[in-house]
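Listed below are the residues making up each chain.
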Amino acid sequence: MAALTPSASRRTERGYVLLLTLITLVVLLFGVLFTMRGNLLQSVMTGNTVQRQKDVQASDLALRQVQKAIIQTASGAGDVPLEIAASGAPWFYIPPNTGNPWTPPGSSSAPTYWQNCQTAKTCDTLSHVAAVITPAVPALPSGYTTLVTVVPTNAPVDTYSCGNTGFTATYYDIFLHTQEANATTAINTETVFKLCTPTTT
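Residues numbered from 1 in each chain as written. Predicted model: local features only at pLDDT ≥ 70, side-chain atom pairs only at ≥ 80, totals over all residues. Heavy atoms only, no water.

K.L.:
Is there a simple way to explain helix 3 (residues 113-120) in this structure?
P.N.:
Owing to its 3.6 residues per turn, the α-helix brings residues three or four apart onto one side. Of all the positions in helix 3, only Tyr 113, Trp 114 and Cys 117 are classed as buried. Down the axis of helix 3, the buried set is contained in an arc of 80°. They therefore lie on one face. Facing away from the buried side of helix 3, by more than 90 degrees, are the exposed residues Gln 115 and Thr 119. Buried-residue contacts for helix 3 involve strand 2 (145-152), strand 3 (167-179) and strand 4 (186-198). Looking one or two residues past helix 3, Lys 121 carries a phi angle of roughly 60°, positive in sign. (Buried < 20%, exposed > 50% of the residue type's maximum accessible area, 1.4 Å probe, protein only. Helix = DSSP H or I, 4+ residues; strand = E, 2+ residues; numbered from the N terminus. Arc of directions from axis to C-beta. Contact = heavy atoms within 4.5 Å.)

This is how it looks when you write it as structure tokens:
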């Protein structure tokens, strides 16, 4: 009987070692999974940030084209404000005077504006807006699309902002919705643009 006791003790020790090894392996497995999840999440976030920066750069290029189109549209109509020069253009929209503030495109109060604006004729594609530019300007990077809405601001006309030139400044809001080719990411931007036209007497 005394000879069997050491053998049973060794078997019990082996069981504890096996259990401890299994617990250690499970903890290591969870550690590896947690690390991999963190790395994957960080990679996705980095990729989204890089793509968003590309969207912003494409939107900046689109903004330059819209600004040129506004200037050439106004000068082509005889150096007049857009209310006259772009009358009827789908990209130039004058919100109705309902007494309530107009909801800016893409805001939380108008989340579906960009999906419906072409049907409602309150926006247009950048390619149509930029068609008036001569000489023609380079297109956006491959696959990008931009929708454009230009509206008058509430700022009054200013005879001093254009310098001592005899021109009057009229201010417009340029809203852009720039989207990448696979439609995964998009960016909405707003810019106030000053258009100087001759002062009418």
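K.L.:
Where do I start with the nonpolar core in this structure?
P.N.:
Most often, soluble globular proteins have nonpolar side chains that are buried together. Core analysis: the largest hydrophobic core is formed by 25 residues, its most contacted members being Val 66, Ile 70, Leu 82, Trp 91, Val 150 and Ile 174. Elements with a contribution of two residues or more to this core: helix 1 (4-76), helix 4 (126-129), strand 2, strand 3 and strand 4. Ranked by residue count, the leading element in this core is helix 1, at 7 residues. In this structure Ile 174 touches Leu 63, Val 66, Gln 67, Ile 70, Thr 149, Val 150, Thr 189, Glu 190, Thr 191 and Phe 193, once residues within four positions along its chain are discounted. (Core = buried A, V, L, I, M, F, W, Y, C linked by side-chain atoms within 4.5 Å.)

K.L.:
When you look at the state of the cysteines in this model, what are you seeing that I'm missing?
P.N.:
In protein chemistry, a disulfide is the covalent bond that joins the sulfur atoms of two cysteines. Under the defined criterion, the tally for this structure stands at 2 disulfides. One disulfide in the model links Cys 117 with Cys 123; its S-S distance is 1.9 Å. Taking the sign of the S-S torsion, about 65° here, the bridge from Cys 117 to Cys 123 comes out right-handed. With respect to burial, Cys 117 and Cys 123 carry one shared label: buried. Put simply, Cys 162 and Cys 196 are joined by a disulfide, and their sulfur atoms are 1.9 Å apart. Judged by the torsion about the S-S bond (-90°), the Cys 162/Cys 196 disulfide is left-handed. On the criterion of sequence distance, the pair formed by Cys 162 in the loop between strand 2 and strand 3 and Cys 196 in strand 4 is long-range, its members being 34 residues apart. In this structure Cys 162 comes out as buried when scored by relative accessible area, which is 13%. Under the relative-accessibility criterion, Cys 196 is labelled partly exposed at 29%. Sequence-ordered numbering of the disulfide-bonded cysteines in the chain gives the connectivity 1-2, 3-4. (Disulfide = S-S within 2.5 Å.)

K.L.:
Honestly, the environment of Tyr 172 in this entry has me stumped. Any pointers?
P.N.:
Secondary-structure assignment places Tyr 172 in strand 3. Overall, Tyr 172 belongs to the buried group, its relative accessible area being 0%. In this structure the C-alpha to C-alpha distance between Tyr 172 and Leu 19, which are 153 residues apart in sequence, comes to 73 Å. Sequence-distant contacts of Tyr 172, that is, excluding residues within four places in its chain, are made with Pro 81, Leu 82, Glu 83, Phe 92, Val 150, Val 151, Pro 152, Thr 153, Thr 191, Val 192, Phe 193 and Leu 195. Only 3.0 Å separates the side chain of Tyr 172 from the backbone nitrogen of Leu 82, close enough to count as a polar contact. (Polar contact = N/O pair within 3.5 Å; in protein donor to acceptor, adjacent residues only side chain to side chain.)

As far as function goes, none of this settles anything; it's purely spatial.
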